[in-house]
Amino acid sequence: MTNENIASSIGFHGVWVDVLVPLQADLNVDEPKLASHLRTLSSKGFENFVLFGQAGEGTSFANDEKLSAVAHVIEAGVDANNILLGVNSSSYTEVAQFIRKACAKGIKRFLVSAPQYDHPYNNVGLFDYYDQIIKQASQPNWQLFIHQLGGKNQAADLPEAVMADLKKNHPRIFVGIVDQDVHVNHTVELLRAFDTALVVASSHEPNLTILSPTDVCVSALANVMPNVIKHVIANDFVNNATKIAGMKVAKPDDRVNELMAVLGNYPQVAALKLMLSQHYRMESWERVRPPHTTLPKESRDKLLAAFKTFNLQANE
Amino acid sequence: MNFANTWYVIERNNHYETIAHEALVLLEEGSYVLLQNFQTHHEAHEEHKRLVLMAIGDAKAKLDHLKK
């Protein structure tokens, strides 16, 4: 079975939006606004969501906050089967308890990152960590996706040997990897190693332009230009160029690279939230949760000018 | 997701509109910008009002700037 066939067989294919999470003035999740964002993306044809992943500032939220938000969006019409829920903790008991509670709300897919720990740990310890999660969660029919963070924070990537052992021991539960690494070779190595066993989804959009066509991706940029990402993973560049008055015609892969150039070295979550705040005309979308910070005024003004030049189109 | 009986705020011909799903699907693709979807007319209408008030505020600010 190829990676594409596996993606279809487990129902994990297409664009999974790495959802930005709106905040109230007190920095709690703005649940109505989150539901509205998901409903709006759904109405554009994008109904698969990663909640509290990398773009969703997952590590900044407590489990109870996540569960409350999940309950709210399900109540607002989002299908629980279309949610991949981020889990960040270094306590396997806490992770297992969270999975049990979320399963009770109908969630079946979980994106679990490696534990953060000051001391070095070996493959046996890492295997035992996930093995305990699966045993203590003790739920039927749920799916574990490992979140490879690619050195974006202190959490380690899981070595291939550990993932191979996990797949061997829990073939029905461990079904996929979401690779956040910016180096395309990292994703290619995972695809080579697990092509016939696990779904591997890249979540670094410039890599998608290289890996295209691919059956599935997780994308933060899809918050603002979901159709572009859809065309990128479908390798459908010719028929879906963006025509901007007075400017050249840009193909979807060009648009991804243009936006990545605009975002540059700015913190991506804050920068994308600023962009979304322009789309919704709602400054409150700019809020981020500490330790993230909103952009300083000078950076904000520069980015706003760059967004104007980028000129996001309604059909993107 | 079921969109029957839901409401949208859209921008068309430089104007904001609140429009039912059943009416939106009849519009020509590309003739409008979809801003947000809401479960109720009330929510969509409140968002519509907010956007109009913002546009008025922006226009006032521009006029004030020109007067200076």
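In this text, all values refer to a predicted model and were calculated from it rather than measured experimentally.

A. View of the confidence of the model for chain B. Of all residues in chain B, 100% have pLDDT values of 70 or greater, and the mean over the chain is 93. Taken over the whole predicted complex, pTM reads 0.91, whereas the ipTM for its chain interfaces reads 0.85.

B. Fine view of the sheet that holds strand 2 (residues 15-20) of chain B. Strand order in the open sheet formed by three strands is 2-1-3 (chain B), and the pairing between neighbours is antiparallel. The sheet is open, and its two borders are formed by strand 2 and strand 3 (33-38) of chain B, each paired with just one other strand. Between one strand axis and the next, the sheet turns through 25° on average, direction left out of account. As paired strands, strand 1 (residues 7-12) of chain B and strand 3 of chain B are joined by five bridges and run antiparallel to one another. What sits directly across from Trp7(B), in strand 3 of chain B, is Phe38(B). Along the sheet face, helix 2 (residues 31-43) of chain A touches strand 1 and strand 3 of chain B and points at about 125° away from the line of strand 3 of chain B. The strands touched by helix 2 (residues 41-67) of chain B within the sheet are strand 1, strand 2 and strand 3 of chain B, with strand 2 of chain B carrying the most contacts at an inclination of about 180°.

C. A look at unusual backbone geometry. Residues Ser212(A) and Pro213(A) are joined by a peptide bond in cis, for which omega reads 0°. Topologically, Pro213(A) is positioned in the loop between helix 8 (205-211) and strand 8 (216-219). Put simply, Pro290(A) and Pro291(A) share a cis peptide bond, and its omega is 15°. Residue placement: Pro291(A) occurs in the loop between helix 11 (268-280) and helix 12 (297-310). At Glu57(A), a position not held by glycine, the phi torsion is positive, near 50°. Among the structural elements, Glu57(A) can be located in the loop between strand 2 (49-51) and helix 3 (63-75). For Glu57(A), a relative accessible area of 1% puts it in the buried group. Positive phi, normally seen in glycine, also occurs at Asn5(B), with a value near 65°. Assignment of secondary structure puts Asn5(B) in the segment before strand 1.

D. Structural context of the interface of chain B and chain A. Each partner contributes to the interface: chain B provides 18 residues, whereas chain A provides 16 residues. Summed over both sides, the interface between chain B and chain A buries roughly 1,500 Å², with carbon and sulfur atoms accounting for 53% of that surface. Applying the counting criterion to the chain B and chain A interface returns one salt bridge. Glu11(B) serves as the salt-bridge partner of Arg281(A), at 2.9 Å between the closest nitrogen and oxygen. On inspection of chain B and its partner chain A, the count reaches nine residue pairs in polar contact (both at pLDDT 80 or more). Residue assignment for the side of chain B that touches chain A shows that the elements contributing at least two residues are strand 1, strand 3 and helix 2 of chain B. The biggest single contributor to the side of chain B that touches chain A is strand 3 of chain B, with six residues. For the side of chain B that touches chain A, a count of residues per class yields ten nonpolar, five polar and three charged.

E. Region of interest: the pairing of strand 1 (residues 14-18) of chain A. Residue and element names in this part refer to chain A. Where burial is concerned, most of strand 1 is hidden: four out of the five residues are buried. The pairing of strand 1 with strand 2 spans two bridges and is classified as parallel. Looking at strand 2, one finds that Val 17 is bridged to Phe 49. Note on the crossover from strand 1 through helix 2 to strand 2: the handedness is right-handed.

F. A look at the packing of helix 9 (residues 226-233) of chain A against helix 10 (residues 252-263) of chain A. Residue and element names in this part refer to chain A. Taken N-terminus to C-terminus, the directions of helix 9 and helix 10 make an angle of 125°; their axes are 8 Å apart at the nearest point. Of the possible angle classes, the one that applies to helix 9 and helix 10 is oblique. Like other packed secondary-structure pairs, helix 9 and helix 10 cross with a definite hand, here left-handed. Residues Val 228, Ile 229, His 231 and Val 232 of helix 9 lie in contact with helix 10, whose contacting residues are Pro 252, Asp 253, Arg 255 and Val 256.

Thresholds, definitions, all that
- Residues numbered from 1 in each chain as written.
- Chains lettered and ligands numbered in written order.
- Predicted model: local features only at pLDDT ≥ 70, side-chain atom pairs only at ≥ 80, totals over all residues.
- Heavy atoms only, no water.
- pLDDT = per-residue confidence, 0-100.
- Pairing = 2+ DSSP bridges.
- Helix = DSSP H or I, 4+ residues; strand = E, 2+ residues; numbered from the N terminus.
- Axes fitted to C-alpha atoms, helices over the stretch in contact; angles between N-to-C directions.
- Contact = heavy atoms within 4.5 Å.
- Buried < 20%, exposed > 50% of the residue type's maximum accessible area, 1.4 Å probe, protein only.
- Buried area = accessible area lost by both parts, 1.4 Å probe.
- Salt bridge = Lys/Arg side-chain N within 4 Å of Asp/Glu carboxyl O.
- Polar contact = N/O pair within 3.5 Å; in protein donor to acceptor, adjacent residues only side chain to side chain.
- Nonpolar A, V, L, I, M, F, W, Y, C, P; charged D, E, K, R; others polar.
- Right-handed = clockwise from strand over helix to strand, strands pointing away.
- Parallel < 35°, antiparallel > 145°, perpendicular 65-115°, else oblique.
- Left-handed = near helix turned anticlockwise from the far one by under 90°.

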